Amino acid sequence: MAEAIFNHKIKELKLEDGFQSDSCGTGNYHVGGLADHRTIFLLKKSGVEINHVVRQLQDEDLEEFDCVIAMDKNNHNNIMRLPSANKYADKVKLMREYDPKGLGDVPDPYHGVERDFQEVFEILDRSIDSFVADLKSQNV
């Protein structure tokens, strides 16, 4: 969901040529599958395109990407266990570091209901707005 929202916002700002984004899990659950059907439904309802196949984070991602954003502390800890994590630790952030409503974890809505997915969408929407503003302020 975060990748789709980010790409949507970047496209609206006509900045898509300057960014490459990808999302993945720290575990190998659902590798090769599509995003959760509830995520797809909510994004489509919100006018946000999603084109995603599940993959697992690789150590090389830390070198390739300028920023790696974890949704929660558990994912952050998993990322920091990768072999080159110490070298790239400054790239690893928590999504809610950008949330104007405060710090914390982005809850995992997987075992929840539609309103849980909506809550995550709202957290990501405002956090990504702040993240994009931060990127623009750094002239990235």
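All of these numbers come straight from a predicted model, not from anything done at the bench.

Draft legend 1. Summary view of the overall build of the protein chain. Regarding its fold elements, the protein chain presents five helices and two strands. Put simply, the protein chain runs from its N terminus to its C terminus through helices and strands in the order α-α-α-β-α-β-α. The globule rule puts the C-alpha radius of gyration for 140 residues at 14 Å, and the 15 Å found for the protein chain is close to it. Taking the contacts inside the protein chain whose residues are at least 6 apart along the sequence as the reference set, 66% of them involve residues at least 24 apart. Accessible surface, the protein chain as shown: approximately 8800 Å² in total, 48% of it carbon and sulfur. Side-chain charges of the protein chain comprise 17 positive and 26 negative groups, with the mean position of each set lying 4 Å from the other.

Draft legend 2. Layout of the packing of helix α1 (residues 2–12) against helix α5 (residues 114–137). Running from N to C, α1 and α5 point in directions that differ by 50°, and their axes come no closer than 10 Å. One element, α1, and the other, α5, form an angle in the oblique class. By crossing handedness, the relation of α1 to α5 is classed as right-handed. Only Phe121, Leu124, Asp125, Ile128, Asp129, Phe131, Val132 and Leu135 of α5 make contact with α1, whose side of the interface consists of Ala2, Ile5, Phe6, Lys9 and Ile10. For the contact of α1 with α5, the class distribution of residues is ten nonpolar, no polar and three charged.

Draft legend 3. Up close: the side chain of Glu3. Checked against the element boundaries, Glu3 lands in helix α1. Separated by 3.3 Å, the side chains of Glu3 and His52 make a polar contact. When neighbours within four sequence positions are excluded, Glu3 is seen to be in contact with Ser21, Asp22, Ser23 and His52.

Draft legend 4. Representation of the pattern of salt bridges. Applying the stated criterion across every chain yields a total of nine salt bridges. Two residues, Asp129 and Lys9, come together in a salt bridge whose shortest N-O distance is 2.8 Å. Of the two residues, Asp129 is situated in helix α5 and Lys9 in helix α1; the sequence distance between them amounts to 120 residues. By relative accessible area, Asp129 is classed as partly exposed at 39%. For Lys9, a relative accessible area of 11% translates into the label buried. Linking Arg55 and Asp61 is a salt bridge whose minimum nitrogen-to-oxygen distance equals 3.0 Å. Judged by relative accessible area, Asp61 falls into the buried class, the value being 6%.

Rules of the game
One numbering rule holds for all chains: residues counted from 1, following each sequence as written. Note on the predicted model: pLDDT of at least 70 is required for a residue's local features to be given, and 80 or more for side-chain atom pairs to be given and counted; whole-chain, interface and lining totals, by contrast, use all residues. Side-chain metrics in this entry use all non-hydrogen atoms of the structure; hydrogen atoms and water are not considered. Secondary structure elements are taken from DSSP: a helix is a run of H or I of four residues or more, a strand is a run of E of two residues or more, and numbering for both begins at the N terminus. Radius of gyration: over C-alpha atoms. The globule rule applied is 2.2 Å multiplied by the number of residues raised to the 0.38 power. Here, two residues are considered to be in contact whenever any of their heavy atoms come within 4.5 Å of each other. Here the open area of atoms and residues is found with the Shrake-Rupley method and a 1.4 Å probe, where only the protein chains shown may cover a residue. The charge count treats Lys and Arg as positive and Asp and Glu as negative. His and the chain ends do not count. Where a charge sits is defined by one atom per residue type, namely NZ (Lys), CZ (Arg), CG (Asp) or CD (Glu). Note on geometry: axes are C-alpha line fits, over the in-contact stretch for helices, and angles between N-to-C directions span 0 to 180 degrees. Any angle that is under 35 degrees is reported as roughly parallel, and any over 145 degrees as roughly antiparallel; angles of 65 to 115 degrees are reported as roughly perpendicular and all others as oblique. With the far helix as reference, a near helix turned anticlockwise by less than a right angle produces a left-handed crossing, and one turned clockwise produces a right-handed crossing. Throughout this entry, Asp, Glu, Lys and Arg are counted as charged residues, while Ala, Val, Leu, Ile, Met, Phe, Trp, Tyr, Cys and Pro are counted as nonpolar. The remaining residues, Gly among them, count as polar. Nitrogen and oxygen atoms within 3.5 Å of one another constitute a polar contact, given that in protein one can donate a hydrogen and the other can accept it, and given that sequence-neighbouring residues count only through two side-chain atoms. Salt bridges are counted wherever a side-chain nitrogen of Lys or Arg sits within 4 Å of a carboxyl oxygen of Asp or Glu. Burial classification: accessible surface area is computed with a 1.4 Å probe over protein chains only, and a residue below 20% of its type maximum counts as buried, one above 50% as exposed, and the rest as partly exposed.

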